[in-house]
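The lines below spell out each chain.
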Amino acid sequence: MSLLARLERQKEREEQKQQTSINPGRQADPLVKLKGKIHEQLVSEIDSKLLKSLDQNSKTQELKDKVSQVVQRVINEEQLTLTRAENQQLLNQIIDEVIGFGPINSLILDPEVSEIMVNGPKQVFVERNGCLELTEITFRDHEHVMHVIEKIVAPLGRRIDESSPMVDARLPDGSRVNAIIPPLALGGPTITIRKFSANPLTVEDLIGFGTLTPEVAEFISACVEARLNIVVSGGTGSGKTTLLNVLSSFIPENERIVTIEDAAELRLLQTHVVSLESRPPNIEGKGAVTIRDLVRNSLRMRPDRIVIGEVRGGEALDMLQAMNTGHDGSLTTGHANSPRDMLARLETMVLMAGMDLPVRAIREQIASAIDLIIQQARLKDGSRKVVQITEVQGIEGEVITLQDIFVYERGALRATGIRPKCAEKIASRGIKLPANLFM
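A brief report on the enclosed structure follows.

**Side note on the nonpolar core**
Here comes step 1: Counting residues in hydrophobic clusters, the biggest one holds 37 residues, and the most contacted among them are Leu-212, Phe-219, Ile-220, Ile-230, Leu-247, Ile-389 and Phe-406.
Here comes step 2: Of all the secondary structure elements, the ones that give two or more residues to this core are helix 8 (203-209), helix 9 (214-225), strand 7 (230-234), helix 10 (240-248), strand 12 (372-378), strand 13 (384-396), strand 14 (399-409) and helix 15 (422-428).
Here comes step 3: When residues of this core are assigned to their parent elements, the largest contribution, seven residues, is made by helix 9.
Here comes step 4: For Ile-230, the contacting residues outside a window of four places in its chain are Cys-223, Val-224, Leu-247, Ser-330, Leu-331, Thr-332, Leu-372 and Ile-374.

**Observations concerning helix 7 (residues 142-153)**
Here comes step 1: If you check helix 7, its first and last C-alpha atoms are 17 Å apart, about what twelve residues at 1.5 Å a residue would give, namely 16 Å.
Here comes step 2: Most of helix 7 sits out of view: nine of its twelve residues are buried.
Here comes step 3: Turning to helix 7, its buried residues number three or more, namely His-144, Val-145, Met-146, His-147, Val-148, Ile-149, Lys-151, Ile-152 and Val-153.
Here comes step 4: In this structure Asp-141 caps helix 7, since a side-chain oxygen of it lies 3.2 Å from the backbone nitrogen of Glu-143.

**Regarding the sheet that holds strand 1 (residues 113-118)**
Here comes step 1: If you walk across this open sheet you meet the six strands as 3-2-1-6-5-4, and the pairing is antiparallel. Bordering the open sheet on either side are strand 3 (131-134) and strand 4 (166-170), each of which pairs with just one other strand. Taken over all neighbouring pairs, the strand axes of this sheet differ in orientation by 20° on average, direction set aside.
Here comes step 2: Sheet topology places strand 1 next to strand 6 (residues 190-194); four bridges connect them, and they run antiparallel. From the neighbouring strand, Glu-115 faces strand 6, where its bridge partner is Arg-194.
Here comes step 3: Packing against the sheet, helix 7 makes contact with strand 1, strand 4, strand 5 (176-180) and strand 6, and its axis sits at approximately 45° to strand 6.

**Some thoughts on the packing of helix 5 (residues 84-98) against helix 7**
Here comes step 1: Following both chains from N to C, one finds helix 5 and helix 7 inclined at 50°, their axes separated by 11 Å at the closest point. Classified by the interaxial angle, the pair formed by helix 5 and helix 7 is oblique. For the pair formed by helix 5 and helix 7, the contact residues are Asp-96, Glu-97 and Val-98 on the first element and His-144, His-147 and Lys-151 on the second.
Here comes step 2: Taken together, the residues that form the contact of helix 5 with helix 7 break down as one nonpolar, two polar and three charged.

Reading the values: rules and limits
Residues numbered from 1 in each chain as written. Predicted model: local features only at pLDDT ≥ 70, side-chain atom pairs only at ≥ 80, totals over all residues. Heavy atoms only, no water. Core = buried A, V, L, I, M, F, W, Y, C linked by side-chain atoms within 4.5 Å. Buried < 20%, exposed > 50% of the residue type's maximum accessible area, 1.4 Å probe, protein only. Helix = DSSP H or I, 4+ residues; strand = E, 2+ residues; numbered from the N terminus. Contact = heavy atoms within 4.5 Å. Expected span 1.5 Å × (residues − 1). Polar contact = N/O pair within 3.5 Å; in protein donor to acceptor, adjacent residues only side chain to side chain. Pairing = 2+ DSSP bridges. Axes fitted to C-alpha atoms, helices over the stretch in contact; angles between N-to-C directions. Parallel < 35°, antiparallel > 145°, perpendicular 65-115°, else oblique. Nonpolar A, V, L, I, M, F, W, Y, C, P; charged D, E, K, R; others polar.

Don't take any of this as a statement about function, it's just geometry.
Put into structure tokens, the structure is as follows:
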């Protein structure tokens, strides 16, 4: 949908809003009539050529100036007296509707906000510093929320309606968006936006945040350089993708890296990176490309490293087979509450591949493929910490043996005093670790 068409639709909504009753107990927007007239003027005066060149900063500023002129002229024609703050607030709201994403545009631009959750037109939560808080931002109605959703998904060629009421999308800055609408969302259209920093966090940032210690950073850096297969485990919002991005930064510059994700979130700084993204089915339910399809295809792309954003299904089997057939140094994440739980989930995901494999055979695959599990968690105070680094040592009988190397206890990530088996592999690569690292 073009921007001119959206403005025309916005104008129609404003007129409908004036003719219909408002929700009981809520005060009507006194500027609804004024906004309707402003939208009418914008539709008739904005040049379509200007709208098509919004990717240029100079053109965006030109459009903002044009909007500002129209807003001021309409205010003068209506002979309204607004304070400077009210005038600026009105101008910002109109610009956000025309160029940005409506009421939540300011939240998207706020660097302190890491997640935005629209639970309907009258309830918008955000996450700041790991803690949820209710904002004062509201939408006019369900149609207003739908307008913003359509504005997000339309440029990507996606659609959302009753026949396809869920959609995953991505904002221009890379932020991940999930939207779900009635009849699945009973309280009205819902939007969840996971924001990502314009500048990816580095290992120094994680040390500064207290996510890990310099000693642990040195260890995991050596593990990546020595081509150990590593799984980052943790719950939703625990910082798995951020840690995976940091781990990927330790991969040497001269290696070819293939990344595979549902929604591209990783931002690797190396030169030789090929990024692959899965694709949902089209309207007819065809044309889907799954993570498993991409993992299989990546093996034909001569990768030195395969980095999978998250394993959650049958692709786990292909990943384990790749790790066991020369593609060592692979990295991925998974949802689990502990390293032991992560292994159990991997077993389940392998079974989801549809292969009738004995449990022992699956566990042997896992034990020989995975070298290290890094457990990430979000604590009660909202901080994200590495709480456990566990080595997969092998299999005894039908049980995979694990050994903790670092454990978070008494407010700090401490070594358990046991030297891991992988230290020999690290040393064989010519990488030296401090003698007291595991003390």
